[in-house]
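Tertiary structure, described
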Amino acid sequence: MREAGIIAGNALHTGGQSIRPGMTTYELDRIIHDYIVAQGAVPSFLNYEGFPASACISVNDEVIHGIPSKKRKIKNGDIVSIDVGAYYNGYHGDTAYTFAVGNVSEDARRLLEATNASLYKGIEQAVAGNRVGDIGHAVEELITSYGYGIVRKYVGHGVGEQLHEAPEIPNFGNAGHGFRLSEGMVIAIEPMINLVGDDVRVLPNHWTVVTRSGSLAAHFEHTIAITSEGPVLLTKPTIPCEAPPGI
Ligand code: MG
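Computed from a predicted model, the values in this text were never measured in an experiment.

Let us look at the coordination of the magnesium ion. Around the magnesium ion, the protein contributes the donor atoms Asp94 (OD), His157 (NE2), Glu190 (OE) and Glu221 (OE), at 2.2 to 2.5 Å from the metal centre. Donor residues for the magnesium ion sit on one chain with the sequence pattern D-x62-H-x32-E-x30-E. Remark: Glu190 occurs in the loop between strand 9 (186-189) and strand 10 (192-194) and His157 occurs in strand 7 (residues 156-158); sequence separation between them is 33 residues. For the pair His157 and Glu190, a shared accessibility class is recorded, and that class is buried.

Okay, structure coming up:
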């Protein structure tokens, strides 16, 4: 799972580093696709329930599941969420990051920092003996302090031989409640945070989830192993890239 995770993490940041204003989300998807295939891995999302691309690329008010398109050009000031899965030697890795393109607004900058920080608050709680609610509570506590909206209709999940496995890992919850975490479990923690309001809607393409308010949204995700030595980030990239905070 470490190998699958590293491929996913490196694919994500290879994509992120290649973003330029004027590029289409289709071109970005091809770069990510080609990286994954060159490692001998398979893009987990390609054809997943009919998804037509290798990465989900969601711009600005798109929260998740954006479909790469030759018609969608990335602009200076956009925020671009990329979600990538890689399947290698029988296991998946799943990871996401929201990249700032050029000069973004102060609101956008703060949203990205807070959402990334909330992911690491959740990861700190991914410890054997804790419960799923401890993770959700930690994410919720930080995000609530900013007044942002936590998307409730979509949640994190177990990861393994399948991309999405039990248990669900919500980004909200009550400390001390829910499924008990144990050594050897692997989960994806993935806060999806709206600048304004927590509600979302699905576009007529049946995939792309956008904020109901039309505000910006951010999405950060790591696949985490719960071990005797605490949480281990399986999707940490090994290529040079924007330094994640915390662990
Ligand atoms: Mg996921």
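Turning our attention to the pattern of salt bridges. Side-chain pairing between opposite charges can occur once the charged atoms of the two side chains come close. Evaluated as defined, the whole model comprises 7 salt bridges. The shortest N-O distance in the salt bridge between Asp199 and Arg212 comes to 3.2 Å. Here Asp199 is found in the loop between strand 10 and strand 11 (200-202), whereas its partner Arg212 is found in the loop between strand 12 (209-211) and strand 13 (217-219), with 13 residues between them in sequence. Exposure remark for Asp199: the relative accessible area of 30% places this residue in the partly exposed category. By relative accessible area, Arg212 is classed as partly exposed at 48%.

We now examine the pairing of strand 8 (residues 165-169). Across 3 bridges, strand 7 lies against strand 8 in antiparallel orientation. Counted as the bridge partner of Gly156 is Ile169 from strand 8.

What follows is about the sheet that holds strand 6 (residues 149-150). Within a sheet, neighbouring strands are paired by backbone hydrogen bonds and run either parallel or antiparallel to one another. Strand order in this open sheet of 3 strands is 6-10-13, and the pairing throughout is antiparallel. Only two strands of the sheet have a single partner each, and these edge strands are strand 6 and strand 13.

Turning our eyes to something else, we now look at the packing of helix 3 (residues 106-124) against helix 4 (residues 132-146). Relative orientation of the contacting elements helix 3 and helix 4 amounts to 155 degrees, with a least axis distance of 8 Å. Overall, the two elements helix 3 and helix 4 adopt an arrangement that is roughly antiparallel. In this structure, the crossing between helix 3 and helix 4 has a hand that is right-handed. Only Ile135, Ala138, Val139, Leu142, Ile143 and Tyr146 of helix 4 make contact with helix 3, whose side of the interface consists of Arg110, Ala114, Thr115, Ala117, Ser118, Lys121 and Gly122. Of the residues that constitute the contact of helix 3 with helix 4, the class distribution is 8 nonpolar, 3 polar and 2 charged.

A few words now on the layout of surface pockets. Of the voids in this model, the largest pocket is the one considered here, and its volume is about 470 Å³. Along its surface, the largest pocket is lined by 24 residues, and Tyr48, Ile64, His65, Tyr154 and His164 are the ones closest to its centre. Mapped by element, the contributors of at least two residues to the lining of the largest pocket are strand 7 and strand 8. Counting residues per element, the lining of the largest pocket draws most heavily on strand 8, which supplies 3 residues. Here the lining of the largest pocket is built from residues that sort into 11 nonpolar, 5 polar and 8 charged.

If you look at the biggest cluster of nonpolar residues, it comprises 50 residues, and the most contacted ones within it are Val80, Ile82, Ile187 and Ile189. Those residues in contact with Ile189 that lie beyond four places of it in its chain are Leu119, Gly122, Ile123, Ala126, Ile135, Ile169, Phe220, Glu221, His222 and Ile224. Ranked by size, the runner-up nonpolar core spans 7 residues in total, among them Met192, Val200, Val209 and Ala217.

In space, the 3 strands of this open sheet follow the order 3-12-11, with antiparallel pairing throughout. The open sheet is flanked by strand 3 (62-64) and strand 11, the only strands paired with a single partner. Neighbour to neighbour, the strand axes of the sheet diverge by 40 degrees on average, direction disregarded. In terms of strand pairing, strand 11 meets strand 12 through 3 bridges, oriented antiparallel. Bridge assignment links Val202 to a residue of strand 12, and that residue is Val209.

Turning next to the environment of Phe179. For Phe179, the position within the fold is in the loop between strand 8 and strand 9. Classification of Phe179 by relative accessible area gives partly exposed; the value is 47%. Taking the C-alpha atoms as reference points, Phe179 and Glu168, 11 residues apart in sequence, are found 8.9 Å from one another. Not counting residues within four places of it along the chain, the set of residues in contact with Phe179 comprises Asn130, Arg131, Val132, Pro167 and Met185.

Conventions and cut-offs
Residues numbered from 1 in each chain as written. Predicted model: local features only at pLDDT ≥ 70, side-chain atom pairs only at ≥ 80, totals over all residues. Heavy atoms only, no water. Donors = N, O, S within 2.8 Å, 3.2 Å for Na, K, Ca; no water. Helix = DSSP H or I, 4+ residues; strand = E, 2+ residues; numbered from the N terminus. Buried < 20%, exposed > 50% of the residue type's maximum accessible area, 1.4 Å probe, protein only. Salt bridge = Lys/Arg side-chain N within 4 Å of Asp/Glu carboxyl O. Pairing = 2+ DSSP bridges. Axes fitted to C-alpha atoms, helices over the stretch in contact; angles between N-to-C directions. Parallel < 35°, antiparallel > 145°, perpendicular 65-115°, else oblique. Left-handed = near helix turned anticlockwise from the far one by under 90°. Contact = heavy atoms within 4.5 Å. Nonpolar A, V, L, I, M, F, W, Y, C, P; charged D, E, K, R; others polar. 1 Å grid on protein atoms, 1.4 Å probe; cavity = no way out; pocket = protein on both sides within 12 Å on 5 of 7 lines; lining within 4 Å. Points joined across faces, edges and corners; volume = space filled by probe spheres on them. Core = buried A, V, L, I, M, F, W, Y, C linked by side-chain atoms within 4.5 Å.

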